[in-house]
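Residue-level structure breakdown
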Amino acid sequence: MRLYNSLTRALEEVVPVETGHVRMYTCGPTVYRHAHLGNLRTFMLADLIRRALEFEGLRVTQVMNITDVGHMTDESSPEAIDKMLLAMEDEGLSPTEIAQKYTEAVFDDAAALGIRPADRYPKATEHVGEMIELTEALVERGHAYVVDSGSVYYDVTSFPGYGALSGNTLDNLREGHRDLETDSRKRNPADFALWKAAGPGRLMKWDSPWGEGFPGWHVECSAMSMKYLGERIDIHTGGTDLRFPHHEDEIAQSEGAVGHKVVNVWVHAGHLRLAGQKIAKSTGNVVRVHELEERGMDPLAFRWLTFQTRYRSEMDFAWDSMEDADRRVKQLRRHMAEWAPAAEVLGPAARDLDARFRGAVASDLDLPTAVVIVNELDHSAVVTPGEKYALLAAWDQVLGLDLEREAHSVWAISPDMQALTTERDAARAAKDYATSDRIRDELAAMGLEVMDTAEGTKVRPRD
Ligand SMILES: [Zn+2]
């Protein structure tokens, strides 16, 4: 499989460090508020990459962090109030309860979208010790310095590769990033915090060699990714807005601490836009999973909607396109039920479509092309229904649309119903249409739609 590596700005073959086993790290949610569809599109990218690699027969270990500290404050202002504290006051819950509540909510939303669980979800609050160790290592190796307030900063001039991921040079960082945290004790305005002294209003704080404080946000991903995936990680994913400073800083921290390259391929998901604006909590421009359900849509159809756009591109969310996607996914499920059962052997036309589908997926997850191939399969007059079923069922391992749902419910018909369809086929074969019609009515009275197909009578629950 080839993926676009944001670091080298080139398509690269994924060649796992350990043969046959891909290690992937995904920047996870910040858990003091709900995830919206834009966040979830980013998590879905990691899910799709993992499904695509497994489709090729590779094993994938995926770790996703839960940010429950360290990214909660407007870091540009020393008096800023912890957002966790605000959420706590609003909702009358403790920090642990807030984190628990929103972690469960994001897991539910992800599951509704067919995003399969990661192998591990380390929490930042449970890895402060590892973050302190990493910070100590960076101080020892001359990449970080302690200021008298008890904060520790990364010295970006100590890491020659700083800026490679985002394309920022130190000069334009000085010029263009005045919003970077300001602390007069920093050596360079672009230096970033690894550890911050706890100020007033700071709820979550820990003891450290530098006094009471809390970790910077970026350091959690370096510490937890290397703890669980080792010092050589195949793929790292996240939203495009994390490229700078979060991932740039992560590279500087991880590589500064171990002295060699850590992540091979960086993959970034484009923004989701709503009515032309980036979906973001700050603009009040948010759609959540439950709104899809409230409008009678299957949340899995959001997957099909995202497949129309390359993952790196910005994508516009519109309710009418979402409705189209919902109709299309439900239609494909009905077609699957009509096509069942799966053929055991594929003819040349089916094999050709299969090769093209696999090629599209392996080509930097080209899902718009995969969608065209699914539509071609659906309309093909050459590929048999059984072949269509077999192919789409296999492709659904990547698509994750639960396309066999309706076929399975049809094939789960009761022995009574099965006996009636068999009896009806026998009556039709004997040209006993009175009996055949009587059985049809009987099946209809059981709430079933009765279809005459080339393979005989088929039934499915009426919509
Ligand atoms: Zn991260």
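Residues numbered from 1 in each chain as written. Predicted model: local features only at pLDDT ≥ 70, side-chain atom pairs only at ≥ 80, totals over all residues. Heavy atoms only, no water.

Before going further, it helps to examine the sheet that holds strand E10 (residues 263–269). Taken in spatial order, the four strands of this open sheet run E4-E3-E9-E10, and their pairing is parallel. Single-partner strands in this sheet number two, and they are strand E4 (59–64) and E10. On average, each strand axis in the sheet is inclined to that of its neighbour by 25 degrees, with strand direction left out of account. Its contacts with the sheet place helix H6 (residues 217–229) against strand E3 (21–26), E4 and strand E9 (233–239), and it is angled at close to 160 degrees to E3. (Pairing = 2+ DSSP bridges. Helix = DSSP H or I, 4+ residues; strand = E, 2+ residues; numbered from the N terminus. Axes fitted to C-alpha atoms, helices over the stretch in contact; angles between N-to-C directions. Contact = heavy atoms within 4.5 Å.)

This next bit is on the environment of Arg23. The residue Arg23 is located in strand E3 in this model. On a C-alpha basis, the gap between Arg23 and Ala349 in space is 36 Å, while along the polypeptide they are 326 residues apart. Not counting the four nearest positions on each side in its chain, Arg23 is found in contact with Glu18, Thr61, Leu229, Arg232, Ile233, Asp234 and Ile235.

What follows covers unusual backbone geometry. Glycine aside, residues mostly have negative phi, and peptide bonds are mostly found in the trans state. A cis amide bond, omega 0 degrees, links Phe244 with the succeeding residue Pro245. Examined against the element boundaries, Pro245 turns out to sit in helix H7 (residues 243–258). Cis rather than trans, the peptide bond between Ala340 and Pro341 has omega equal to 0 degrees. Structurally, Pro341 is set in the loop between helix H10 (319–339) and helix H11 (348–362). Within the chain, Arg9 stands out as a residue other than glycine whose phi angle is a positive 55 degrees.

With that settled, consider the packing of aromatic side chains. The description of an aromatic ring pair uses the distance of the two centres, along with the angle that the planes make with each other. Applying the stated criterion across every chain, the model contains ten aromatic pairs. Considering the side-chain rings of Phe302 and Phe317, the 6.3 Å spacing of their centres and the 50 degrees angle between planes classify their relative orientation as tilted. Of the two residues, Phe302 sits in helix H9 (residues 301–307) while Phe317 sits in strand E13 (residues 315–317), which places them 15 residues apart along the sequence. An identical accessibility class is assigned to Phe302 and Phe317; each is buried. Ring plane angle 85 degrees and centroid distance 5.0 Å describe the contact between Phe317 and Trp319, whose orientation is recorded as edge-to-face. An identical accessibility class is assigned to Phe317 and Trp319; each is buried. Directly above the aromatic system of Tyr145 lies the positively charged group of Arg187, at a separation of 3.9 Å from the ring centroid. (Phe/Tyr/Trp six-rings, centres within 6.5 Å; stacked < 30°, edge-to-face > 60°. Buried < 20%, exposed > 50% of the residue type's maximum accessible area, 1.4 Å probe, protein only. Lys NZ or Arg CZ within 6 Å of the ring centre and 35° of its normal.)

Below, the discussion takes up helix H15 (residues 415–429). End to end, H15 covers 21 Å across 15 residues, agreeing with the expected 21 Å (1.5 Å per residue, within 8%). Where H15 is buried, its residues meet helix H16 (433–445), strand E14 (448–453) and strand E15 (456–461). Backbone geometry just after H15 places Lys431 at a positive phi near 60 degrees. (Expected span 1.5 Å × (residues − 1).)

A few words now on the environment of Asp364. If you trace the backbone, Asp364 turns up in the loop between H11 and helix H12 (367–379). Sequence separation between Asp364 and His21 is 343 residues, and the spatial gap between their C-alpha atoms is 19 Å. What Asp364 contacts, discounting residues up to four positions off in sequence, is Arg2, Leu3, Tyr4, Leu11, Arg310, Tyr311 and Arg312. Within the structure, Asp364 has its side chain in polar contact with the backbone nitrogen of Tyr4 (distance 3.0 Å). (Polar contact = N/O pair within 3.5 Å; in protein donor to acceptor, adjacent residues only side chain to side chain.)

For a metal bound by four donors in tetrahedral geometry, the ideal donor-metal-donor angle is 109.5 degrees, whereas six donors in octahedral geometry ideally sit at 90 or 180 degrees. Those protein atoms acting as donors to the zinc ion are Cys27 (SG), Cys221 (SG) and His246 (NE2), and they sit at 2.0 to 2.1 Å. For the zinc ion, the donor residues sit on a single chain with the sequence spacing C-x193-C-x24-H. Placement of the pair is Cys27 in the loop between E3 and helix H1 (37–55) and Cys221 in helix H6, with a sequence separation of 194 residues. For Cys27, a relative accessible area of 5% translates into the label buried. Residue class for Cys221 comes out buried when judged on its relative accessible area of 0%. (Donors = N, O, S within 2.8 Å, 3.2 Å for Na, K, Ca; no water.)

Right, let's get into the sheet that holds strand E5 (residues 144–146). The four strands are arranged E5-E6-E7-E8 in an open sheet whose pairing can be described as antiparallel. In this open sheet, the two edge strands, each paired with only one partner strand, are E5 and strand E8 (213–215). Looking at each pair of strands side by side, their axes are set apart by 20 degrees on average, direction ignored. Bridge count between strand E6 (residues 152–154) and strand E7 (residues 192–197): three bridges; the pairing is antiparallel. Bridge pairing in E7 links Val152 to Trp195.

With that settled, consider the packing of H15 against H16. As a packed pair, H15 and H16 sit with axes 8 Å apart at the nearest point and diverge in direction by 155 degrees. Classified by the angle their axes make, H15 and H16 are roughly antiparallel. Helix-helix and strand crossings are classified by hand; for H15 and H16 the assignment is left-handed. The residues of H16 that touch H15, namely those facing Met417, Leu420, Thr421, Glu423, Arg424, Ala427 and Arg428, are Tyr433, Thr435, Ser436, Arg438, Ile439, Arg440, Glu442 and Leu443. (Parallel < 35°, antiparallel > 145°, perpendicular 65-115°, else oblique. Left-handed = near helix turned anticlockwise from the far one by under 90°.)

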